[in-house]
Amino acid sequence: QQPVQSPQAVILREGEDAVINCSSSKALYSVHWYRQKHGEAPIFLMILLKGGEQKGHDKISASFNEKKQQSSLYLTASQLSYSGTYFCGTESMRNQGGKLIFGQGTELSVKP
Amino acid sequence: GAGVSQSPSNKVTEKGKDVELRCDPISGHTALYWYRQSLGQGLEFLIYFQGNSAPDKSGLPSDRFSAERTGGSVSTLTIQRTQQEDSAVYLCASSPFSGGQYFGPGTRLTVL
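About the thresholds
- Residues numbered from 1 in each chain as written.
- Chains lettered and ligands numbered in written order.
- Predicted model: local features only at pLDDT ≥ 70, side-chain atom pairs only at ≥ 80, totals over all residues.
- Heavy atoms only, no water.
- Salt bridge = Lys/Arg side-chain N within 4 Å of Asp/Glu carboxyl O.
- Helix = DSSP H or I, 4+ residues; strand = E, 2+ residues; numbered from the N terminus.
- Buried < 20%, exposed > 50% of the residue type's maximum accessible area, 1.4 Å probe, protein only.
- Contact = heavy atoms within 4.5 Å.
- Buried area = accessible area lost by both parts, 1.4 Å probe.
- Polar contact = N/O pair within 3.5 Å; in protein donor to acceptor, adjacent residues only side chain to side chain.
- Nonpolar A, V, L, I, M, F, W, Y, C, P; charged D, E, K, R; others polar.
- Disulfide = S-S within 2.5 Å.
- Phe/Tyr/Trp six-rings, centres within 6.5 Å; stacked < 30°, edge-to-face > 60°.
- Pairing = 2+ DSSP bridges.
- Axes fitted to C-alpha atoms, helices over the stretch in contact; angles between N-to-C directions.

Student: Give a description of the pattern of salt bridges that names residues and reports values.
Tutor: Following the criterion strictly, the structure yields four salt bridges over all chains and no others. Note that Asp 56 of chain B and Lys 99 of chain A form a salt bridge whose closest N and O atoms lie 3.0 Å from each other. With Asp 56 of chain B in strand β6 (residues 53-56) and Lys 99 of chain A in the loop between β9 (84-91) and β10 (101-102), this pair bridges two chains. Judged by its relative accessible area of 14%, Asp 56 of chain B falls in the buried class. Among the ionic pairs, Glu 44 of chain B bridges to Arg 36 of chain B, the shortest N-O distance being 3.1 Å. Classification of Glu 44 of chain B as partly exposed rests on a relative accessible area of 33%.

Student: Tell me about the interface of chain B and chain A, and name the residues and values.
Tutor: Contacts between chain B and chain A engage 19 residues on the former and 16 residues on the latter. In total, about 1400 Å² of surface goes out of reach between chain B and chain A, with carbon and sulfur atoms giving 56% of it. Summed over the three residues of chain B that lose the most area to chain A, namely Leu 43, Gln 101 and Phe 103 of chain B, the buried surface amounts to 32% of that side. At the junction of chain B and chain A, the tally comes to one salt bridge. For the pair chain B and chain A, the interface holds five residue pairs in polar contact (both at pLDDT 80 or more). Elements represented by at least two residues in the side of chain B that touches chain A include exactly β4 (31-37), β5 (43-50) and β10 (102-103) of chain B. For the side of chain B that touches chain A, a count of residues per class yields nine nonpolar, nine polar and one charged.

Student: Could you give an account of the state of the cysteines, with specific residues and numbers?
Tutor: Residue and element names in this part refer to chain A. This model, assessed by the stated rule, comprises two disulfides over all chains. Disulfide pairing is shown between Cys 22 and Cys 88; the S-S distance is 2.1 Å. Residues Cys 22 and Cys 88 are joined by a disulfide whose S-S torsion is about 70°; by sign, that bridge is right-handed. One end of the pair, Cys 22, is in strand β3 (residues 18-23); the other, Cys 88, is in strand β9, and 66 residues separate them in sequence. Comparing Cys 22 with Cys 88 shows no difference in burial state: the two are buried.

Student: How would you sum up the packing of aromatic side chains? Please name residues and give values.
Tutor: Two aromatic rings are characterised by how far apart their centres lie and by the angle between their planes. One pass over the full model with this rule turns up 10 aromatic pairs over all chains. Note on Tyr 34 of chain A and Phe 44 of chain A: the rings are 5.6 Å apart at their centroids and 55° apart in plane angle, and the pair reads as tilted. In this pair, Tyr 34 of chain A is assigned in strand β4 (residues 30-36) and Phe 44 of chain A in strand β5 (residues 43-49), connecting sequence segments 10 residues apart. In terms of burial, Tyr 34 of chain A and Phe 44 of chain A fall into one category: buried. According to the relative accessible area criterion, Tyr 34 of chain A is buried, its value standing at 0%. Each member of the aromatic cluster is reached from another via a ring pair, and the members are Tyr 34, Phe 44 and Phe 102 of chain A together with Tyr 33, Tyr 35, Phe 45, Tyr 48, Tyr 102 and Phe 103 of chain B.

Student: Any chance you could break down the sheet that holds strand β7 (residues 65-69) of chain B for me, citing the residues and the numbers?
Tutor: Sheet strands pair via backbone hydrogen bonds, and the direction of the pair is either parallel or antiparallel. Residues and elements named next belong to chain B. Taken together, four strands build an open sheet; the order of strands is β1-β3-β8-β7 and the sheet is antiparallel. Here the strands that pair on one side only, and so sit at the sheet edges, are β1 (5-7) and β7. Geometrically, the sheet is characterised by an average inter-axis angle of 15° between neighbouring strands, direction not taken into account. As judged from the five bridges shared by strand β3 (residues 19-24) and strand β8 (residues 75-79), these two strands associate in the antiparallel manner. The partner of Arg 22 across the bridge, within β8, is Thr 76.

Without other data, these values stay purely geometric and don't point to any function.
This is the structure in structure tokens:
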């Protein structure tokens, strides 16, 4: 079952923060986050495994609450380069070979 | 190093013709995935390979779709008797053991 992302779209000014949420009705083993710019392939951002860990690099971080089957992506002090569509991909069982079911995406626009 | 490559980048075909799409994964990546993305939509899982085996073919839309992988490397997705609803961008991704999926640039298929 496809995870639900919210919001569907968000517009920011450079330097503002944003949170993108990903929610699943199934128990999750892992959550992946990707960013896709128009006309390009998705780029892998990070993977979170169950255990409630939080990851991040630079000003982008994410958390995973396995009890709530939710993950959130945090973008801090957004830059113009952060613009794009963000997808979460969920893996519901271990040993599924990394098969992901993706959300519908959240379109993020960062304006100067 | 070299990323995932796909060919052709664009394919225009007539309804009813067969097409073959090729994916060259990153060297050393054992897992390989095929997805389909329609205009403005999310990524739809089609099939994945672990080595040359395809443990999960559940995403293939119909029996007109098939895929194979040889030598644990190159994969081919074949669509027989193409239909207009097959028009989409077909994305291939490969994954190292540590996780995360690395996408190729995709093949844009247009069925007239």
